[in-house]
Amino acid sequence: MRLDADALVVQDGALVSSGGFGSTLDLALWLVGHFGGEELRQLTARILVMDAHRASQAPYVSDAIAAQGAHPTIERARRWLNARLDQPWTMAELATHCALSQRTLLRRFQEALGVSPVQYAQQLRVERAKALLETTGLSLEEITVRCGYEDAATFSKVFKRWAALTPREYRQRFALVR
């Protein structure tokens, strides 16, 4: 079975698995739907007061944080990038900091995380934005700037790609400060 960090329930032949603390209920709903049909799954979800249409755990999973400690080079890059999330940077600067060629740095990221350094930086920026959306009343424009973007619309697209929710949806669901 292959790991799919975004999926709530994964089926591979006769094997079915789920991840995360609340995933046992997601798995139970999946089983009800699989053996009893979609209508019974929907009814069961309503009785359990669950979101029957939750299709991904991406809003809850932090790929960037989960990657901490993955490799010394990645850890060094993560610390450097975190200190500069609100600033522009180049691959050459990151490679120099990590004492590697750009090509080797790119290869290390692909091997360790399956993403490029630029994609990893996007993940880190989204994690910062999640924290700001949860704990502050800052506007999307202010958060966009603090996360190194100039345009809120562009940042919103990046955020949705990594979090599976728009920044507004994320704040509505997870905000600690109202």
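Notes on the structure follow.

Criteria and cut-off values
Residues numbered from 1 in each chain as written. Predicted model: local features only at pLDDT ≥ 70, side-chain atom pairs only at ≥ 80, totals over all residues. Heavy atoms only, no water. Axes fitted to C-alpha atoms, helices over the stretch in contact; angles between N-to-C directions. Helix = DSSP H or I, 4+ residues; strand = E, 2+ residues; numbered from the N terminus. Parallel < 35°, antiparallel > 145°, perpendicular 65-115°, else oblique. Contact = heavy atoms within 4.5 Å. Nonpolar A, V, L, I, M, F, W, Y, C, P; charged D, E, K, R; others polar. Patch = residues over 30% accessible without salt bridge, like charges linked within 9 Å, V, L, I, M, F, W, Y side chains within 5 Å. Areas by Shrake-Rupley, 256 points an atom, 1.4 Å probe, with all protein chains shown as cover. Salt bridge = Lys/Arg side-chain N within 4 Å of Asp/Glu carboxyl O. Buried < 20%, exposed > 50% of the residue type's maximum accessible area, 1.4 Å probe, protein only. Left-handed = near helix turned anticlockwise from the far one by under 90°.

### Looking at the packing of helix H7 (residues 117-135) against helix H9 (residues 152-163)
- Across the interface, H7 lies against H9 with an axial gap of 9 Å and an inter-helix angle of 95 degrees. In terms of axis orientation, H7 runs roughly perpendicular to H9. For the pair H7 and H9, the contacting residues are Gln119, Gln122, Gln123, Arg125, Val126, Ala129, Lys130 and Leu133 in the first and Phe155, Val158, Phe159, Arg161, Trp162 and Ala163 in the second.
- Class assignment of the residues belonging to the contact of H7 with H9 gives a composition of eight nonpolar, three polar and three charged.

### Topic: a nonpolar patch on the surface
- Judged by side-chain polarity, Leu40, Leu43 and Ile47 come together as a nonpolar surface patch covering roughly 280 Å² of accessible area.
- Tracing the chain through its elements places Leu43 in helix H2 (residues 38-48).
- According to the relative accessible area criterion, Leu43 is partly exposed, its value standing at 39%.

### A closer look at the packing of H7 against helix H10 (residues 167-174)
- At a minimum axis distance of 8 Å, the contact between H7 and H10 shows a crossing angle of 50 degrees. When the axes of H7 and H10 are compared, the pair comes out oblique. For the element pair H7 and H10, the recorded crossing hand is right-handed. Facing Lys130, Leu132, Leu133 and Glu134 of H7, the residues of H10 in contact are Pro167, Tyr170, Arg171 and Phe174.
- Considering only residue class, the contact of H7 with H10 consists of five nonpolar, no polar and three charged.

### With respect to the pattern of salt bridges
- Scanning the model with the defined rule gives four salt bridges in all.
- A salt bridge links Arg78 to Glu75; the nearest nitrogen and oxygen atoms lie 2.3 Å apart. One end of the pair, Arg78, and the other, Glu75, are both in helix H4 (residues 72-82), three residues apart, so they sit about a helical turn from each other. One exposure class covers both Arg78 and Glu75, and it is buried.
- Its salt-bridge partner being Glu127, residue Lys130 comes within 3.4 Å of it at the nearest N-O pair. Taken together, the positions of Lys130 and Glu127, both in helix H7 and three residues apart, correspond to about one turn of that helix.
- Overall, the relative accessible area of 18% leaves Glu127 in the buried class.

### A look at the environment of Glu111
- You can see Glu111 is positioned in helix H6 (residues 102-113).
- In sequence terms Glu111 and His71 are 40 residues apart; their C-alpha atoms lie 9.9 Å from each other.

### Examining H4
- When we look at burial in H4, the residues that qualify are Thr73, Ile74, Glu75, Ala77, Arg78, Trp80 and Leu81.
- Against the buried residues of H4 lie helix H5 (91-97), H6 and H7.

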